Amino acid sequence: MSIRNVSRRRFLKLGATAGGGLIIGVNLPGCSFSGALPIEQESDGFIPHAFLQITPDNQVIFYCPSDEMGQGVRTGLATIIGEELDFHPRDMVVKAAGLHEDYANPEFGVQATGGSNAVRVFWGPLRQAGADTRALLLNAAAQDLGVSASELTTDNGYIIVGDDRFPYGDFVTTAAQLAMPTETPLKSNASFKYIGNEFSRVDALAKSTGAAEFGIDADIPGMVYAVVVRAPVAGARVLSVDKTAAEAMPGVVAIVPVSSGIAVVANAYWRAKNAAQVLEISWEDIPLGQVSSAQVRTDFEAALAEGDTVEASTQGELVAGFDAASSTLEADYFAPFLAHTPLEPVNATLHITDNSAELWTGVQSIQGAQGLVERLTGLPRSNIRVNNLYLGGGFGRRGTLTHIVEVTEIAMAIDKPVQLLWSREDDIRNGLYRPASLMRIKAGVTTDGIVSAWDVQRAGGNITADTLTNMLPALLPSLPSSLLNGLSGFAEYLFSQWTVDPSSVEGLHETYDFENHRIAHATVDHGLPLTFWRSVGHSYTAFAVESMMDELADRAGIDPMSLRLANTENKPRMHGVLQTAQAAMKSMTVPDGHHLGIAAHSSFATDVAEIAEVSIENGEIRVHKVTCVADVGTAINPDIVRAQLEGAVMFGLTATLYGRIDLDQGEVKQSNFHDYQILRMDRAPAVDVILVNSGGDPTGIGEPGVPPIAPAVANAVFKATGQRLRELPLKLA
Amino acid sequence: MIEFELNGQPVVFNGASDTPLLWAIRDHFKLKGSKFGCGAGLCGACTMHVDSTAMRTCILPVAAVAGKRITTIEGLSGDGLHPLQAAWVEHNVPQCGYCQSGQIMSAAALLSSNPRATTDDIDQALAGNICRCGCYPRIKEAILSVAELSYDATTEETSA
Ligand code: FES
Ligand code: FES
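Small disclaimer: the values here were computed from a predicted structure and weren't measured.

Analysis parameters
Residues numbered from 1 in each chain as written. Chains lettered and ligands numbered in written order. Predicted model: local features only at pLDDT ≥ 70, side-chain atom pairs only at ≥ 80, totals over all residues. Heavy atoms only, no water. Helix = DSSP H or I, 4+ residues; strand = E, 2+ residues; numbered from the N terminus. Rg over C-alpha atoms; globule rule 2.2 N^0.38 Å. Buried < 20%, exposed > 50% of the residue type's maximum accessible area, 1.4 Å probe, protein only. Core = buried A, V, L, I, M, F, W, Y, C linked by side-chain atoms within 4.5 Å. Pairing = 2+ DSSP bridges. Axes fitted to C-alpha atoms, helices over the stretch in contact; angles between N-to-C directions. Contact = heavy atoms within 4.5 Å. Patch = residues over 30% accessible without salt bridge, like charges linked within 9 Å, V, L, I, M, F, W, Y side chains within 5 Å. Areas by Shrake-Rupley, 256 points an atom, 1.4 Å probe, with all protein chains shown as cover. Salt bridge = Lys/Arg side-chain N within 4 Å of Asp/Glu carboxyl O. Disulfide = S-S within 2.5 Å. Buried area = accessible area lost by both parts, 1.4 Å probe. Polar contact = N/O pair within 3.5 Å; in protein donor to acceptor, adjacent residues only side chain to side chain. Nonpolar A, V, L, I, M, F, W, Y, C, P; charged D, E, K, R; others polar. Phe/Tyr/Trp six-rings, centres within 6.5 Å; stacked < 30°, edge-to-face > 60°. Lys NZ or Arg CZ within 6 Å of the ring centre and 35° of its normal.

Asker: When you look at the overall build of chain B in this model, what are you seeing that I'm missing?
Answerer: Counting secondary structure elements, chain B contains five helices and five strands. Going from N to C terminus, chain B has its helices and strands arranged as β-β-α-β-β-β-α-α-α-α. Scaling as 2.2 N^0.38, a compact globule of 160 residues should have a C-alpha radius of gyration of about 15 Å, and chain B matches this with 16 Å. The principal-axis extents of the C-alpha atoms in chain B amount to approximately 50 × 35 × 25 Å. Taking all 160 residues of chain B together, the buried fraction comes to 55%.

Asker: What is the right way to look at the nonpolar core in this model?
Answerer: One recurring pattern in soluble globular proteins: nonpolar side chains tend to sit buried together. In terms of nonpolar packing, the biggest core is built from 194 residues, with A:Trp454, A:Leu552, A:Val713 and B:Phe4 touching the most fellow members. Here this core takes ten residues from helix α18 (residues 638-657) of chain A, the largest share from any one element. By size, the runner-up hydrophobic cluster in this structure holds 49 residues, among which are A:Ile39, A:Ala78, A:Ile81 and A:Phe192.

Asker: Got a minute to help me understand the sheet that holds strand β12 (residues 252-258) of chain A in this structure?
Answerer: Hydrogen bonds between backbone groups are what pair the strands of a sheet, and the pairing can be parallel or antiparallel. All names here are of chain A. Taken together, seven strands build an open sheet; the order of strands is β12-β13-β10-β20-β17-β18-β19 and the sheet is mixed. Lying at the two open borders of the sheet, with one neighbouring strand each, are β12 and β19 (384-388). Between one strand and the next, the sheet's axes are offset by a mean angle of 20 degrees, whatever the strand orientation. Strand direction decides the pairing type here: strand β18 (residues 357-361) and β19, joined by five bridges, are parallel. What sits directly across from Leu359, in β19, is Val386. Sheet strands in contact with helix α9 (residues 366-377) are β17 (347-352), β18 and β19, and its direction is about 145 degrees off that of β19. Contacts from helix α10 (residues 402-414) reach β10 (224-230), β12, β13 (261-266), β17, β18 and β20 (418-421), with the element oriented near 35 degrees to β17.

Asker: Sorry if this is basic, but what is going on with a nonpolar patch on the surface here?
Answerer: Residue and element names in this part refer to chain A. Taken together, the side chains of Phe490, Tyr493 and Trp498 present a nonpolar region at the surface, about 400 Å² in accessible area. Locating Phe490 in the fold gives a position in helix α13 (residues 481-498). We classify Phe490 as partly exposed; its relative accessible area is 49%.

Asker: It is not clear to me how the state of the cysteines should be interpreted in this structure. Could you clarify?
Answerer: Here, disulfide denotes a covalent bond that connects the sulfur atoms of two cysteines. Inspection of every chain in the model, using the stated rule, returns zero disulfides over all chains. Here B:Cys135 stays unpaired: no disulfide links it, and the sulfur of B:Cys131, its closest cysteine neighbor, is 3.6 Å away.

Asker: What's the story with the pattern of salt bridges in this structure? I'm lost.
Answerer: Residue and element names in this part refer to chain B. Here the structure, examined in full by the defined rule, presents 44 salt bridges over all chains. In this structure, Lys140 engages Asp123 in a salt bridge whose closest nitrogen and oxygen atoms are separated by 2.9 Å. Highlighted residues: Lys140 in helix α5 (residues 136-159) and Asp123 in helix α4 (residues 119-126), separated in sequence by 17 residues. Under the relative-accessibility criterion, Lys140 is labelled buried at 16%.

Asker: Where do I start with the interface of chain B and chain A in this structure?
Answerer: By a frequent convention, interface size equals the accessible area lost on bringing the separate parts together. In this complex, chain B contributes 49 residues to the contact, which on the side of chain A involves 59 residues. Approximately 4,300 Å² of surface area, both sides summed, lies buried where chain B meets chain A, with 59% of it carried by carbon and sulfur atoms. Our count for the contact surface shared by chain B and chain A stands at six salt bridges. Across the pair B:Arg138 and A:Asp639 runs a salt bridge, and its minimum N-O distance is 3.1 Å. Where chain B meets chain A, there are 24 residue pairs in polar contact (both at pLDDT 80 or more). Elements supplying a minimum of two residues to the side of chain B that touches chain A: α1 (21-28), α2 (83-90), α3 (100-113), α4 and α5 of chain B. Across the side of chain B that touches chain A, the residue classes tally to 26 nonpolar, twelve polar and eleven charged.

Asker: Just to check I follow, could you spell out the packing of aromatic side chains for this structure?
Answerer: Within a pair of aromatic rings, the relevant descriptors are the distance that separates the centres and the angle that separates the planes. The tally for this structure, following the rule as stated, stands at 16 aromatic pairs over all chains. For the ring pair A:Phe214 and A:Tyr390, a centre distance of 6.0 Å and an interplane angle of 45 degrees mean the geometry is tilted. Here A:Phe214, found in the loop between α4 (206-209) and β10, pairs with A:Tyr390, found in the loop between β19 and α10; they are 176 residues apart in sequence, far enough to count as distant. Note on accessibility: A:Phe214 and A:Tyr390 belong to one class, buried. With a centroid separation of 5.2 Å and an interplanar angle of 35 degrees, the aromatic rings of A:Tyr512 and A:Phe514 are classed as tilted. For the pair A:Tyr512 and A:Phe514, a shared accessibility class is recorded, and that class is buried. Chaining the aromatic ring pairs together yields one cluster made of A:Phe214, A:Tyr390 and B:Tyr98. Positioned over the ring face of A:Trp123 is A:Arg127, at 4.7 Å from the centre of the ring.

So this is what it looks like as structure tokens:
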């Protein structure tokens, strides 16, 4: 079964709801959350399919299948369905969808959010759902009004016949009796009313008044609060615990072992946290306990020196390419481990009763969350309800669900509703990380500025094996652990010995033509847990590639923008972005002492170029302004696209200027925002976003703004100081 | 027993006097708009007004606010929206939204003491509020739009 099977997008199933409405689902074979839709009937609302409910008083409720973590997905997807339904997304009630196969991400095949794909993959299905529903309402109105459907049209929630306007809600009872049209023709791009318009996000008001509910805000009568003390060296098991002092602390309710460490449960969070500090635990010694930061890079270098690599991609003739080059360069680039630090630390609240469970959290996969509760409690899936509230930032961190395992283990042990909250220290010290990476690039450039040879090796850990280890038990709750261990062990072996984990090397050549290239990989895994981090592999590969492009330009005496243009002749979308960036650059007035650096990168089907205006003040790198040029195809709501790119610049700047997770004998040294700094208002640059629309369907916006910023700043620093900084975070000599 | 004023109402807190104000407000008084981000005074997510001054309440024991006036995001505007909240919607400021209560409370404290705040004033007053989603340019624009409104209003009064 291909997960891209287009037939999944067709509306196939028909049935009746309790409320008398029609129910229709997108057929997604392989998903197992069938049965009644998790939709509460609102005042005789008509539920044409999983995504909509229309009430007789003309309220339209949209059930958003993707998790809102700030990327604006609720507004974006509401706009897509609203466009074809002809109902202003701003006037919709937008709710998080419950768990059902009809909400599975068409590309992942499971209900999950990530990879900047939501708008891209729901673009087709939601337009069709909107168009078919509108056609159904027209048919119902035609019947009720005794006219032919062709005499009717619509306008923002109203059926129009002559001078009369009737709300959609007038026809829902009839609509529920009629067959749902299929394959209704979609609107032409030129006739879009809401797509391409700018209006406030549907969640802007709730998020400006404190009313928006996040996972941490769940409050269940009688609940107790838990914190977990986890291994200071990730993966170490508890050898022994002395609970005496902790048990004597005020408010402590219970101390229970969980698979990741020891949980302290108290009648208040801060009390649990205080008690946790006096818990005495001795942990087993594991190999990661020998690893300190300096050794990480040394080990990467050793692996490359041994040449024990697996090829990821090759094209053309490298030897001939180097022969054709007039200049050749070789350099190493390094990026450290990073934590995600979403501002809301991960948390979950679980209430288990005799034969059911209810979970409140904010995760990037509610299907995974339910699967873990099912696996651990043995309760039937249909009796486990998951409420996915707003996510206080995701960035990849909320795709891993170890906190759901912990809260379930605690709730099973204490027989009370429990809220588990990770402290910021837990988040920084005991999380999962963006892998550290060493990238060695040897490249040759001709006198015409064509990169004629491009030879790259990357050393570091792979995220896919860890991700499978974490996701398989969640997504396959009934598969026995022995089989799961076998599967994730196999993935680890596969990616270190036989083939390259795509996310480890993504972005090392794809932005450019590079006719003669070789990308090779050496897996060096120290055992620190790894996972997706906003823009994944691109977050480090772009730094290496775009720094080297700048070095080549300098060596060959070619303007850096011209070099990039010369090597994107066969990448028309990126070429167009670069041309726009070039024009923007020409019109800039750069103050004395300020310098521009550029970088470009394609990721998540989106092409982005960034120009950073930088100065050096009292030995500090100051970024004043960033111009971000992006081609995202059709921008659903251009203001939200701009906001994502602005935010991506800030997120990337934190990594450029400050971000590093260091290991000392296997323990993460950083612990809170004083030593794991985040960019703040007084260092935030102005961001000017220029959207280039080459036409075509929408592409990703959440992640692609991140990769170019680090190299753009590094390239500007080179201009300002002559120092070529090849390690992140950037540090002036 | 600690008495103080919460969003205009007298309240009594009977729990431990070393409870951080943030948790007293969230878990005892059930006002969840103020957030926990670091627990160490480093991020500003928990910002409330204590007698009109913006304070980090994750490190402020409830005993320290006896007899004082506490305002949370829920009590910022009596009715309707505070001008900053309207500006937040207008400028499409929030992304994940988690930091925004704290940002707005810091901004409101700034504007009440300095209605004509400049970009530099904003940088200083808001530097304690982290936004991991990076909404800074919009936060700044939104505050400036309100500061400029008050500037216009004052100018008109003077010229009238
Ligand atoms: S939670 Fe209080 S400053 Fe961060
Ligand atoms: S909006 Fe997400 S932290 Fe500020």
